[in-house]
Every structure is written in structure tokens, then in C-alpha cells.
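Coordinate analysis (summary)
Here are the chains, one letter per residue:
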Amino acid sequence: MTREMRGTASACSNIALIKYWGKRDFTDNIPLNGSLSMTLSQATTTTTVIWDDTLSQDEIYLDGERVLDGRGLRVSRYLDRIRADYYRMPARVASMNSFPAGTGIASSASGFAALATAAFAAMGEEMPSDTEMTRWARRGSGSACRSIHGGFVEWLPGTSDADSTAVQLAGEDFWDLRDLVVLVSRAPKAISSSEGHKIATRHPFMAARQELLPARMLATKGAVAARDLMTLGALVEQEALEMHAIMMSGQPAALYMQPGTLKLLHAIRAWREDGLPVFFTLDAGPNVHVLCESRDAPEVRARIEQLMPGLSILENRAGPGVRVHEDHLL
Ligand code: 2P0
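Chains are numbered independently. Their residues run from 1 in the order of the written sequence. For a predicted model such as this one, the threshold for reporting local features is a pLDDT of at least 70, and the threshold for listing and counting side-chain atom pairs is 80 or more; totals across whole chains, interfaces and linings nevertheless cover every residue. Neither water nor hydrogens contribute to the side-chain values; these are computed over all heavy atoms in the structure.

The subject of this paragraph is the nonpolar core. In this structure, Val49, Trp51, Ile82 and Leu115 are the most contacted members of the largest nonpolar core, which totals 30 residues. Elements that contribute at least two residues to this core include exactly strand E1 (6-18), strand E4 (35-51), helix H1 (70-85), strand E7 (91-97), helix H2 (107-121) and helix H3 (130-140). In what follows, a contact means two residues having at least one pair of non-hydrogen atoms within 4.5 Å. Look past the residues within four positions of Val49 in its chain and what remains in contact with it is Met5, Arg6, Gly7, Ala91, Arg92, Val93, Leu115, Ala118, Ala119 and Ala122. Counting 25 residues, the second largest nonpolar core, distinct from the first, contains Leu17, Ile18, Ile105 and Ala318. Throughout, nonpolar core names a set of buried Ala, Val, Leu, Ile, Met, Phe, Trp, Tyr and Cys residues whose side chains join them through atoms within 4.5 Å. Exposure categories follow from relative accessible area, calculated using a 1.4 Å probe and restricted to protein chains: below 20% of the type maximum is buried, above 50% is exposed, and the middle band is partly exposed. Elements are defined by DSSP. Helices are runs of H or I of four residues or more, strands are runs of E of two residues or more, and each kind is numbered from the N terminus.

Put into C-alpha cells, the structure is as follows:
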């Protein structure tokens, strides 16, 4: 009897409202603190995995191209961890992003959530629980554990591989919040996220940040539960700027913001003074995530286009969790 050894999954990226920046453990991606995210509907990775014992080594394709560099190695190393517990055979892996690579949208979050899920789906056995899948995704890339779930998600930091998992706080239909990702710059990052985590972990401000975070997390969860954008937005802006303060003052320093980033942050604050409820957050890069209610999204988009003509804007609502399906790439 032949067995289907092929599986495909799609996962959305996510934007952290409370950030993961600094790790307790670098092998299993155990964070220093909990984080909270919104899953992004328009930033999807689809991945197919085929376990195939006729191959002599893994074959990895990203966006249609065979990759033989560090990105492929990272996928193979990850598959080694699954192979250590399950099938010991090579795999053919193909992955496609719905958003262009190098835009600064976190493709490792959607990428490892989709890869982990596709790898297990390809085994043709009963899937591990969602909680177990958040663990598998996290081992690939920390923020990927939050992309297993849709809507609004909390990563409970735990202290070890056993208890660091992500849980859904609210589904994608709970609140029609919008995140307009404004692609301010496509320049490659000078300091990678993995390097950034190391620098942050040894940063002298980190101890103070850890003291502040429990209260901020509680307030942020309360604001999401109440669908209270004014409270949420204030917390989220403070959080984003605090993370960038640590990035900018680290050794070495990471200056992710570009002139366009600051121009937009100032404009968002001015629009708010004008009565438009709009807020920002930032990732480890120059692009701005502009948060607003769905009813204000057309006005916010028009103002961004007027201020900075020609920039791409990716408008997200809260997206779904990872899905297994039959639309295979291979
Ligand atoms: C986050 N970021 O919470 C934070 C905010 C970027 C800024 O998680 O080393 O790619 O793969 O666990 O998940 C980016 O770091 O790091 C990130 P690894 P990851 O979304």
C-alpha cells in the first residue's frame, strides 16, 4: 500500500502589538517575555512538503527557485528536528509567499508556521494539537508560533520548550481592526532579527523593560477584549518605540527607521490630533503598520497616498490560523 507523503498548508504572517525581542534560549526560541499579535490576512505563505526516500538530500524551493544558501539550510536544519522524532527521510519542499520577498513583512512567521504544519500533514497521520503545533512552529522561528492561530494571539513565554506555547485570545471575526502596512523602504536590513535578539538580550535597558511588560501586557489584553482602539493604540505605540529605543541604543546599534518612517509617524500623530483614530506599530524594519478601524481605513489610506505617493500599502484585517489543504505546490 502506498501512502500519501505529501502535505500542504497556508499560514498568515502576524504583527506583534507586544513584541518578542530578546530570548532566554536560542536553540528552542524561548523568549524573555510574552508577546501579543494580530494575524495578518493579506500576508500568506503556502508550503508543500513531500517526504521522499528516493532523494539523497532535501530539495528546497522558495518562490519557484531552488535555494542552496542559508535559507535552504535553515529549512533543512529544521526538518532534521522533525526527522529526529519521526520519518528519517529527505524532503522536497516548495514555498510561495503572497507578498514580495524582502519587503520586511515577517516571512519567517508565516513560513515556519506553514512549514511545520505541512511537514506533519505530509506524514498522513493524525495532526498534533494546535498547542503542539505552536511549539513546532516556534522551534523554527519564535514569532511563527503566533501564526498557528488566527485573530489575536498571545505567546505565553514559559521557561522551556515544554511550556512556551501560543494561545488564541480572540478569533478573526472578533474585531474588524485594520493594519495598513506601508512599504517605506525595500532596502535589506543591516542587522538580522536573529542578531537583533542577541543584542537585545544583553542590553542594559532589558531588565527595566521586563519590569514594565506584565502591566502593559495586561492592559493590552484588556484593550483588545474591549475593542478599545484608543487605549490599545497608545500602548502599542509606546511598545514599538521602546523596542526601537533598545534597537537604536544596542551594541551594535540597529537604526531600522528611515526618513519615510519618521515622516509617517509624525503624520499619524498629527492626524490623530485632528480627530482621526489612527495609530502605528513597527517591526524590525522601516515599514510602518498603521492601525485603524475598518470604517476609517479609506480615509487613512487616502492620507497616506497623499503624503507619500507611490508607496505600496498592504491592507490587512485579522487573518485566519494555519490551514491544511489540497492545493499542492508540488
Ligand atoms: C515580533 N520580531 O514579536 C518581533 C518584533 C521582530 C520585531 O519576532 O530568531 O524572526 O526566528 O525566533 O521571530 C522577529 O524575530 O526571530 C520578531 P527568530 P523572529 O514579531
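Right, let's talk about the site of the ligand for a bit. Any residue with a non-hydrogen atom lying within 4 Å of a molecule or strand is treated as near it. The immediate surroundings of the ligand are formed by 17 residues, with Tyr20, Lys23, Ser141, Gly142 and Ser143 found nearest. Pairs of N or O atoms are called polar contacts if they sit within 3.5 Å, as long as, within protein, a hydrogen donor faces a hydrogen acceptor (for residues adjacent in sequence, only side-chain-to-side-chain pairs). One of the side-chain N or O atoms of Lys23 is found 2.7 Å from an oxygen atom in the ligand. The separation between an oxygen atom of the ligand and a polar side-chain atom of Arg146 is 2.8 Å. About the coverage of the ligand: the protein hides 93% of its 460 Å² of free accessible area. Looking at the shell around the ligand residue by residue, the classes come out as 5 nonpolar, 7 polar and 5 charged. Using a 1.4 Å probe, accessible areas were evaluated by the Shrake-Rupley method; residue-level cover was limited to the displayed protein chains. Each residue is assigned to one of three groups, with Ala, Val, Leu, Ile, Met, Phe, Trp, Tyr, Cys and Pro labelled nonpolar, Asp, Glu, Lys and Arg labelled charged, and all others, Gly among them, labelled polar.

For the rest of this paragraph, the subject is the domain arrangement of the protein. Buried accessible area, meaning the area lost when the parts come together, often serves as the stated size of an interface. Just so you know, the domain bounds were taken from an automatic or database domain assignment. Per the domain assignment, the segments of the protein are domain 1 (4-173 + 320-325) and domain 2 (177-316). If you average the C-alpha positions of domain 1 and of domain 2, the two centres end up 24 Å apart. Taken together, the 28 residues of domain 1 in the interface contact 39 residues of domain 2. By convention, the term buried area covers the 1.4 Å-probe accessible surface removed from two parts as they join, with the contributions of both added. Summed over both sides, the interface of domain 1 with domain 2 buries roughly 2,900 Å², with 72% coming from carbon and sulfur. Among the residues of domain 1 in contact with domain 2, Leu17, Lys19 and Trp21 are the three that bury the most area, contributing 29% of the side total. Any carboxyl oxygen of Asp or Glu that lies within 4 Å of a side-chain nitrogen of Lys or Arg is treated as forming a salt bridge with it. In this structure, the connection of domain 1 to domain 2 is made through 1 salt bridge. Of the charged contacts, one joins Lys221 and Glu154 as a salt bridge, the two residues approaching to 2.8 Å between their closest N and O atoms. Applying the counting rule to domain 1 against domain 2 returns 9 residue pairs in polar contact (both at pLDDT 80 or more). Elements that contribute at least two residues to the side of domain 1 that touches domain 2 include exactly E1, E4 and strand E8 (152-156). Residues of the side of domain 1 that touches domain 2, tallied by class, amount to 16 nonpolar, 9 polar and 3 charged.

Residues forming no salt bridge and having over 30% relative accessible area are the ones grouped into patches, like charges within 9 Å of each other and nonpolar side chains (Val, Leu, Ile, Met, Phe, Trp, Tyr) within 5 Å. A cluster of nonpolar residues, Met96, Leu329 and Leu330, forms a patch on the protein surface that exposes about 220 Å² of accessible area. Following the sequence through the fold, Met96 ends up in strand E7. Its relative accessible area of 38% is what places Met96 among the partly exposed residues.

Before going further, it helps to examine the packing of helix H5 (residues 206-225) against helix H6 (residues 229-248). All axes are obtained by fitting lines to C-alpha atoms, using only the stretch in contact for helices, and the reported angles, taken between N-to-C directions, cover 0 to 180 degrees. Interaxial distance between H5 and H6 falls to 9 Å at its minimum, and their mutual angle equals 155°. If you check the angle between H5 and H6, you find them roughly antiparallel. Taken as a pair, H5 and H6 cross one another with a handedness that is left-handed. On H6, the residues touching Met206, Arg209, Leu212, Leu213, Arg216, Ala219, Thr220, Ala223 and Val224 of H5 are Thr231, Leu232, Leu235, Gln238, Glu239, Glu242 and Ile246. Residues belonging to the contact of H5 with H6 are distributed by class as follows: 9 nonpolar, 3 polar and 4 charged. Angle categories are assigned with fixed cut-offs, so that under 35 degrees is roughly parallel, over 145 is roughly antiparallel, 65 to 115 is roughly perpendicular, and the rest are oblique. With the far helix as reference, a near helix turned anticlockwise by less than a right angle produces a left-handed crossing, and one turned clockwise produces a right-handed crossing.

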